[in-house]
Amino acid sequence: MKSEDKNIRDLEEIKEYKNRLKEMSNIRWDKVEEIKKAIKNDEYHIDSRQIAHKMIEVLD
């Protein structure tokens, strides 16, 4: 198999997964776009303590 053929198949597969994700009703695309923009502008900061507390809550 040629490398180009594999790349085309990979791209088609990625497009299919993206389409499936878009069809999922529980994804808040407005929020996704907001976070992507914040990441791009280096304005997205994660509170590691808050994440750790939530993880502990889930485990308890």
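Heads up: the structure comes first, above all this text.
Residues numbered from 1 in each chain as written. Predicted model: local features only at pLDDT ≥ 70, side-chain atom pairs only at ≥ 80, totals over all residues. Heavy atoms only, no water.

Novice: Just checking my understanding: could you explain the overall build of the protein chain for this structure?
Specialist: From N to C terminus, the protein chain includes three helices and zero strands. Reading the protein chain from its N terminus to its C terminus gives the helix and strand order α-α-α. Taking 2.2 N^0.38 as the reference for a compact globule, 60 residues should give roughly 10 Å; the C-alpha atoms of the protein chain span a radius of gyration of 18 Å, well beyond that estimate. Along the first, second and third principal axes, the C-alpha atoms of the protein chain reach 50 × 30 × 25 Å. Out of the 60 residues in the protein chain, the part that is buried amounts to 2%. Accessible area of the protein chain: about 6,300 Å², with a carbon and sulfur share of 53%. Within the protein chain, the 15 negative side-chain charges are centred at a point lying 2 Å from the centre of the 14 positive side-chain charges. (Helix = DSSP H or I, 4+ residues; strand = E, 2+ residues; numbered from the N terminus. Rg over C-alpha atoms; globule rule 2.2 N^0.38 Å. Buried < 20%, exposed > 50% of the residue type's maximum accessible area, 1.4 Å probe, protein only. Areas by Shrake-Rupley, 256 points an atom, 1.4 Å probe, with all protein chains shown as cover. Lys, Arg positive; Asp, Glu negative; His and termini not counted. Charge placed at Lys NZ, Arg CZ, Asp CG, Glu CD.)

Novice: So what exactly am I meant to see when it comes to a nonpolar patch on the surface here?
Specialist: Together, Ile39, Tyr44, Ile46, Ile51 and Met55 make up an exposed nonpolar region whose accessible area comes to about 510 Å². Take Tyr44: it is sitting in the loop between α2 (29–40) and α3 (48–59). (Patch = residues over 30% accessible without salt bridge, like charges linked within 9 Å, V, L, I, M, F, W, Y side chains within 5 Å. Salt bridge = Lys/Arg side-chain N within 4 Å of Asp/Glu carboxyl O.)

Novice: Is there a simple way to think about the pattern of salt bridges in this case?
Specialist: According to the stated counting rule, one finds five salt bridges in the structure shown. Among the salt bridges present, the one from Lys6 reaches Asp10, with a minimum N-O distance of 3.0 Å. Separated by four residues within a single helix, Lys6 and Asp10 lie in helix α1 (residues 3–23), roughly one turn from each other. Close ionic contact of Lys54 with Glu57 constitutes a salt bridge, the shortest N to O distance being 3.9 Å. Of this pair, Lys54 and Glu57 both sit in helix α3, separated by three residues, roughly a single helical turn. Take Glu57: its relative accessible area is 53%, and that puts it in the exposed class.

Novice: Quick question: what am I supposed to make of α3 here?
Specialist: At 3.6 residues per turn, the α-helix brings residues three or four places apart onto the same side. Taking 1.5 Å of rise per residue, twelve residues should cover 16 Å, and α3 covers 17 Å from first to last C-alpha, within 8% of that figure. Burial of α3 is sparse: only zero of the twelve residues sit out of reach of the surface. At the N-terminal boundary of α3, the capping side chain belongs to Asp47, with an oxygen 3.1 Å from the backbone nitrogen of Arg49. (Expected span 1.5 Å × (residues − 1). Polar contact = N/O pair within 3.5 Å; in protein donor to acceptor, adjacent residues only side chain to side chain.)

Worth remembering: the numbers are spatial, not functional.
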